[in-house]
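# Results of the structural survey
Each chain, written out:
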Amino acid sequence: MFFHTLEESIELWDSFSTEVLLPSLRIIHEDKMFFGLRAPCEMFEDYKYLLKVSDSCNWCGDVNGAVTQATRIRIVDFILHQTFIGTGENLRELLMKDVFETIFCLHERKKQKQLIKKWARWTALCREQPVNDIKCYFGEKVALYYLWLGWYTKLLVPAAALGVVVFLYGLAFFNTSPLITEVCHSNITMCPRCDNRCKVWQLSDTCSYAKVSQLFDNEGTVAFAMFMAVWATLFLELWKRHRARHVSQWQVYDWCEEEEELIMEIVNDPNCKPKQFRHSYLCSSLVLILVTLMLMLIMGLAHALVVFRVVAAPLISESKWGFFIDHGNSVAMMLGAVLHYLTIQIMTRVNRWVSLKLCEIEKLNSFAAAERSFTVKMFTFQFFTLFSSLFYVAFFLGRINGHPGNYVRIARFRLEECHPSGCLTDLFIQMAVIMLLKQTLNNIFEFSVPWLKSCLSRNKAKKLERKCGYCYRKACQDEQVEPCDICKIRDWLRNYHLHHIDAFSLFNEFLEMVIQFSFTTIFVAAFPLAPLLALINNIFEIRLDAIKMVRLERRLVPRKTNDIGVWTKVLEAIGVLAVIANGLVIGVTSDFIPRLAYQYHYGPCANGTSHTHCMQGYINNTLSTAFIKDFNSSGSNLTQCSYRDYRNEDYTLTSQFWLVLAVRFAFVILFEHVVVVFKFIAAWFVPNSPIQVKNDRLHDKLARLKKELCEMKRNRSANV
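Residues numbered from 1 in each chain as written. Predicted model: local features only at pLDDT ≥ 70, side-chain atom pairs only at ≥ 80, totals over all residues. Heavy atoms only, no water.

## What about the overall build of the protein?
The helix and strand tally for the protein stands at 25 helices and 10 strands. Counting across all 720 residues of the protein, residues that qualify as buried make up 52%. When contacts within the protein are restricted to residue pairs at least 6 apart in sequence, those whose partners lie at least 24 apart make up 76%. Summing over all exposed atoms, the protein offers an accessible surface of approximately 34,800 Å²; the carbon and sulfur share of this is 62%. (Helix = DSSP H or I, 4+ residues; strand = E, 2+ residues; numbered from the N terminus. Buried < 20%, exposed > 50% of the residue type's maximum accessible area, 1.4 Å probe, protein only. Contact = heavy atoms within 4.5 Å. Areas by Shrake-Rupley, 256 points an atom, 1.4 Å probe, with all protein chains shown as cover.)

## Structural notes on unusual backbone geometry
Non-glycine residue Q251 carries a positive phi angle of around 60°. Looking at Q251, the relative accessible area reads 28%, which means it is partly exposed.

## Description of the packing of helix α21 (residues 567-589) against helix α24 (residues 655-685)
The interhelical angle for the contact between α21 and α24, taken along N-to-C directions, is 150°, at an axis separation of 9 Å. What the angle tells us is that α21 and α24 run roughly antiparallel. In the crossing of α21 with α24, the sense of the turn from one axis to the other is right-handed. Contact residues: G575, V576, V579, I580, N582, G583, L584, I586, G587, V588 and T589 in α21; R664, F667, V668, F671, E672, V675, V676 and K679 in α24. Of the residues that constitute the contact of α21 with α24, the class distribution is 11 nonpolar, five polar and three charged. (Axes fitted to C-alpha atoms, helices over the stretch in contact; angles between N-to-C directions. Parallel < 35°, antiparallel > 145°, perpendicular 65-115°, else oblique. Left-handed = near helix turned anticlockwise from the far one by under 90°. Nonpolar A, V, L, I, M, F, W, Y, C, P; charged D, E, K, R; others polar.)

## Section: the state of the cysteines
Overall, the coordinates contain three disulfides when judged by the stated rule. One disulfide in the model links C184 with C207; its S-S distance is 1.8 Å. Judged by the torsion about the S-S bond (80°), the C184/C207 disulfide is right-handed. Placement of C184 in helix α8 (residues 178-184) and of C207 in helix α9 (residues 207-216) is noted, with a sequence separation of 23 residues between them. Between the sulfur atoms of C605 and its disulfide mate C614 the distance is 2.1 Å. The sign of the -90° torsion about the S-S bond sets the C605-C614 disulfide as left-handed. The partly exposed category is assigned to C614, whose relative accessible area is 22%. (Disulfide = S-S within 2.5 Å.)

## Comments concerning the packing of aromatic side chains
Applying the stated rule across the entire model yields 33 aromatic pairs. Summarising the aromatic geometry, the rings of F374 and F507 are spaced 4.9 Å apart at their centres and angled 55° between planes, so their arrangement reads as tilted. With a gap of 133 residues between them, F374 in helix α15 (residues 367-395) and F507 in helix α19 (residues 504-522) connect regions that are remote in the sequence. Of the two residues examined, F374 and F507, each falls in the buried class. Centre to centre, the rings of F391 and F523 are 5.2 Å apart; their planes meet at 70°, and the pair counts as edge-to-face. Of this pair, F391 sits in helix α15 while F523 sits in the loop between α19 and α20 (530-552), and the two are 132 residues apart along the sequence. Its relative accessible area of 22% is what places F391 among the partly exposed residues. Looking at F523, the relative accessible area reads 0%, which means it is buried. Sitting over the ring of F44, R72 keeps its end group 4.3 Å from the ring centre. Looking at R555, its charged tip hangs above the ring of Y137, at a distance of 4.0 Å from the centre. (Phe/Tyr/Trp six-rings, centres within 6.5 Å; stacked < 30°, edge-to-face > 60°. Lys NZ or Arg CZ within 6 Å of the ring centre and 35° of its normal.)

## Topic: a nonpolar patch on the surface
A surface patch of nonpolar side chains, amounting to about 530 Å² of accessible area, comprises L286, I289, L290, L293, M296 and M299. Within the secondary structure, M296 is located in helix α12 (residues 281-317). (Patch = residues over 30% accessible without salt bridge, like charges linked within 9 Å, V, L, I, M, F, W, Y side chains within 5 Å. Salt bridge = Lys/Arg side-chain N within 4 Å of Asp/Glu carboxyl O.)

## So, the pattern of salt bridges
The tally for this structure, following the rule as stated, stands at 18 salt bridges. Between E572 and K240 there is a salt bridge whose closest N-O contact spans 2.9 Å. You can see E572 sitting in helix α21 and its partner K240 sitting in helix α10 (residues 220-249), a full 332 residues away along the chain. The class for E572 is partly exposed, based on a relative accessible area of 26%. What emerges from the salt-bridge pattern is a single network uniting R92, K357 and E360.

## Some thoughts on the nonpolar core
In this structure, F138, W148, W231, L427 and F523 are the most contacted members of the largest nonpolar core, which totals 141 residues. By residue number, the principal contributor to this core is helix α7 (residues 140-172), which donates 16 residues. Two domains each put at least three residues into this core: domain 1 (2-104) and domain 2 (117-277 + 365-401 + 423-631 + 634-685). Once residues lying within four places of it in the same chain are set aside, the contact partners of W148 are F235, W239, F510, M513, V514, I564 and L571. By size, the runner-up hydrophobic cluster in this structure holds 12 residues, among which are L179, Y618, I619 and L623. (Core = buried A, V, L, I, M, F, W, Y, C linked by side-chain atoms within 4.5 Å. Domains from an automatic or database assignment.)

## Considerations on the side chain of S186
Relative to the assigned elements, S186 resides in the loop between α8 and β3 (189-190). Separated by 3.0 Å, the side chain of S186 and the backbone nitrogen of I188 make a polar contact. When sequence neighbours within four positions are dropped, the list of residues in contact with S186 reads L203 and S204. (Polar contact = N/O pair within 3.5 Å; in protein donor to acceptor, adjacent residues only side chain to side chain.)

## Considerations on the environment of E371
Take E371: it is sitting in helix α15. The exposure class assigned to E371 is partly exposed, which follows from its relative accessible area of 24%. Along the backbone, E371 and G565 are 194 residues apart, and their C-alpha atoms lie at a distance of 9.3 Å. Setting aside chain neighbours within four positions, we find E371 in contact with K141 and E257. A polar side-chain atom of E371 sits 2.3 Å from a polar atom in the side chain of K141.

## A closer look at the UniProt feature "transmembrane region" (unreviewed entry) in the protein
Within this numbering scheme, the UniProt entry marks residues 155-174, 221-239, 281-311, 331-348, 379-398, 514-540, 564-586 and 657-686 as carrying the feature "transmembrane region" (unreviewed entry). With 90% helix and 0% strand, the stretch residues 155-174 has end C-alpha atoms that lie 30 Å from each other. Taken as a whole, residues 221-239 contains 100% helix and 0% strand, while its terminal C-alpha atoms sit 26 Å from one another. (UniProt positions renumbered as here; feature names shortened; annotations may be inferred.)

## Topic: α15
Here α15 spans 40 Å end to end across 29 residues, near enough to the 42 Å set by a 1.5 Å rise per residue. At F387, α15 shows its maximal kink, close to 40°. Of all the 29 residues making up α15, 21 are buried; the element is thus mostly covered by neighbouring parts of the structure. (Expected span 1.5 Å × (residues − 1). Bend = angle between axes of the 7 residues up to and from the residue.)

## Remarks on the environment of V660
Within the fold, V660 resides in helix α24. With 73 residues separating them along the chain, V660 and G587 place their C-alpha atoms 9.8 Å apart.

## Here's the deal with the packing of α15 against α19
Orientation of α15 relative to α19, taken along the N-to-C sense of each, is 40°, at an axis distance of 11 Å. Viewed along their axes, α15 and α19 adopt a mutual orientation that is oblique. Between α15 and α19 lies a crossing whose hand is right-handed. Contacts between α15 and α19 involve F374, T375, M378, F379, Q382, F383, L386, F387 and L390 on the former and, on the latter, F504, F507, L511, V514, I515, S518, F519 and I522. Across the contact of α15 with α19, the residue classes tally to 14 nonpolar, three polar and no charged.

Here's what the structure looks like:
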């Protein structure tokens, strides 16, 4: 870190260094002044002793042996941020006032090269991740992120494989499906899509759309949705076992972040007072009201996207280009998806700012508690930002638009309608565009910015290498001897020019992956290829994040923990929501239930004597007839046209509509209860911790108790 004014900087830093009680090293390079910090050994001895006598942290490996470099960095960083100078200001306030420009911990060249060789390069794409090395260098929190991401990617393989099978199942009946044949060879005239210059159109014009619908709306998606709901539960239960093995090996199984924070408070100031737990009904009510208002704003944006599509569809259909006239609704849907992606990018920044302000209102007593609160709020806002529009497309599109002569309108524009082949394709288009854009563009942006900054800073580092002279030797590079000031400033400048990181860096990676998990599970019935896209993305995401974290970014402050925190609860909530959403998608959005009703009650096979295909005539059965005189016909000479609904000639609902509706709701209830039972059985069948881990911990506790008893007896004998 450095100041803008050198004279003032030295005076302020001396004051800060005296308060912190840490010896400092000062190096001036051009217009920058760098301060290097090392804490005295007594602090680490106090830390080790307090760990030993603590309730939850006494099993940690730091109790015995040398304190690791990662732990030293964490303690120094905590002390720096909790220390106040004579003016009453702390480091955060000094950074906000531009007194200091930045603060960062240094990469260790030798360990950094080892991680690059084993992990942080594209040629290691198919290698197992060195999780223990990551833990030693970046801390348990980062290691658990990569452990979770690797486990998630590994378990995506069966889900992706089955999704491809479901897709191929739809593809196998691509040319022989009677539904596609009926649409492509139909002479049915459909009602105009809008009121002004839109004309009647032929159902056969949408042959391609019907083929795409058949790929994703078939019998295989029902079984796949049930599989993915159970898969989400198995993934979480197996992850808990996988995590237990590693945190037991790292000796942080019972670790408590709040307790370590209290220990570091005492190390920093033996006379410190604990931050009391506080709860204010006024603050809680205020936060609840503000969260509700924020969610209303986000849902308002979703409604704005609906209005955009409602307005854009007829305007596009009224254009002069033939493609837009024939595919106005599809083009409007894709434009809406792109606009939705842009909205997501803007609202992500707004959601973060609002979440931080809400956490400040709550005034929580520890960093871990504030992090949990921020995570829940940020994910909730992001979830509504991403999925509000998708929920509209899934459950409301084409169901609240009215009928000819009595259309529901926004101003003079009619609400959107579904294609006669079903509404599921609209949901698929929306999901595919958002998922592809979000994963592709985000990864490009996340990697390109630090990479470009790294390229620009290489020339400055090379100039310093030439200045280094005789001490630029292997012993100096391998940190076998204390480097000279030129070598230090070269290394410090190299770290300084790396991409800036903050407390949100790892949070952003978690948020991105959990949102992807939501896409992969919640609406998977509409997009069976989502697990495959997630798998391909994650294979590259692991190495991209590794290269970025090890080579292109400043070193993260290592954090010690034993779990991925509140993200586990978030993933469990997503798993429950996935059961509800997929049941509704299959029962309400897809044509699975209407097809069953037609096949067994209304179709040619209803009495079991037909020699034709059981689904012959299904498309025509789902269409109703309207008299063109009842609404604006744009000068058409025809007297009748068809539209998708179950209605009589007087526009009243038919008995088939009520039968299908009853079966839809019955299926949703049955689907959700069956899948929930399977989820509970899976959660019960797979224990959270392996028996080996429990036995190892039992033996370790017994050994530690015996050791403490021997030491007590030895001390008692010495006193006698």
